[in-house]
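Each chain, written out:
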Amino acid sequence: MAIICVDVGNTFAKVALMEHSTVRSLAVIPVDDTVAVANQIRALPRAEGAIVSSVSTLATEVTEWLSEKTTFCMELSERTALPVRNLYRTPETLGKDRLAAVVGAYALFPKKNVLVMDTGTALTFDFLDSDGNYLGGNISPGLQMRFRALHEQTKKLPLLKYSSELSLNTIGNDTTTAITAGVQNGIIFEVQYYVKYFRQNNPEGVVVMTGGDINFFADNLKSIIFAEPNLVHIGLEQVALFNLFK
């Protein structure tokens, strides 16, 4: 059963054709290029259902385009019925990508305590217990946001980017290496502690990561995480199927 899943973020719209938790096709398009988004959706085959998750007003237009491809189309919101129990105290403020990622983790790791990390503009940590209860989570600045903050909140520090040439034992010996190693080591050490704390309390638990900077973290964290770049789309597919058959 094919489900069209569209995740509209602040920068990109990700249009995926999903089937049995597998991405059959995926296009990543700048969110301000509405013509390209529309054309991509219209080029897809008809599907049994469609779902959109959006942080912008583009959701209305996307829903209209998706309605051309299926008789069942929905938008993920705080009122959407879910296969997990959402215990977040303010569900209306919860990022839909975080919610979809948690549902995706529940689909991949049922009956497990899961730490879900999303490495996008922000670095988020979300907790799901083995009974399917989403307990909430934490939000921290993402990798590129930390580089930008040092540049924008100071008068002389340059704007730098991630460097694969520095290791975790690097001690900066000039401004460039000091900033790069400080940002990269700091965010890795932060993640390592979250994972360590989670594993201490959940020895049989699973740590899963997704998001735009997934390769950076996967390279530095090695075997302590399960990397799933399509976790949000897997979750969106599960939400659509849950509502399609409820």
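Up top is the structure.
A. Inspection of the sheet that holds strand E11 (residues 226-227) at higher detail. Taken in spatial order, the six strands line up as E6-E9-E8-E7-E10-E11 in an open sheet, and their pairing is mixed. Unpaired on one side and paired on the other, strand E6 (85-86) and E11 mark the two borders of the sheet. On top of the sheet, helix H3 (residues 96-108) reaches E6, strand E7 (114-119), strand E8 (122-128), strand E9 (133-141) and strand E10 (206-210); it is set at about 45° to E8, its chief contact.

B. Structural detail: the packing of aromatic side chains. Under the criterion given, the structure shown has seven aromatic pairs. Ring geometry for phenylalanine 127 and phenylalanine 198: centres 6.4 Å apart, planes at 45°, overall tilted. Of this pair, phenylalanine 127 sits in strand E8 while phenylalanine 198 sits in helix H5 (residues 175-201); the two residues are 71 residues apart in sequence, bridging distant segments of the chain. Owing to a relative accessible area of 22%, phenylalanine 127 belongs among the partly exposed residues under this scheme. Residue classification places phenylalanine 198 among the buried positions, given a relative accessible area of 4%. Judged by centre distance (4.9 Å) and plane angle (75°), the ring pair of phenylalanine 216 and phenylalanine 217 falls under edge-to-face. With a relative accessible area of 1%, phenylalanine 217 lands in the buried category. Each residue in the set Tyr162, Phe216 and Phe217 is aromatic and connected to the rest through ring pairs, giving one cluster.

C. Structural view of a nonpolar patch on the surface. Taken together, Phe12, Leu26 and Val28 make up a surface patch of nonpolar side chains, about 260 Å² in accessible area. When you line up the elements, valine 28 lands in strand E3 (residues 22-30). The class of valine 28 is partly exposed, set by a relative accessible area of 47%.

About the cut-offs
Residues numbered from 1 in each chain as written. Predicted model: local features only at pLDDT ≥ 70, side-chain atom pairs only at ≥ 80, totals over all residues. Heavy atoms only, no water. Pairing = 2+ DSSP bridges. Helix = DSSP H or I, 4+ residues; strand = E, 2+ residues; numbered from the N terminus. Contact = heavy atoms within 4.5 Å. Axes fitted to C-alpha atoms, helices over the stretch in contact; angles between N-to-C directions. Phe/Tyr/Trp six-rings, centres within 6.5 Å; stacked < 30°, edge-to-face > 60°. Buried < 20%, exposed > 50% of the residue type's maximum accessible area, 1.4 Å probe, protein only. Patch = residues over 30% accessible without salt bridge, like charges linked within 9 Å, V, L, I, M, F, W, Y side chains within 5 Å. Areas by Shrake-Rupley, 256 points an atom, 1.4 Å probe, with all protein chains shown as cover. Salt bridge = Lys/Arg side-chain N within 4 Å of Asp/Glu carboxyl O.

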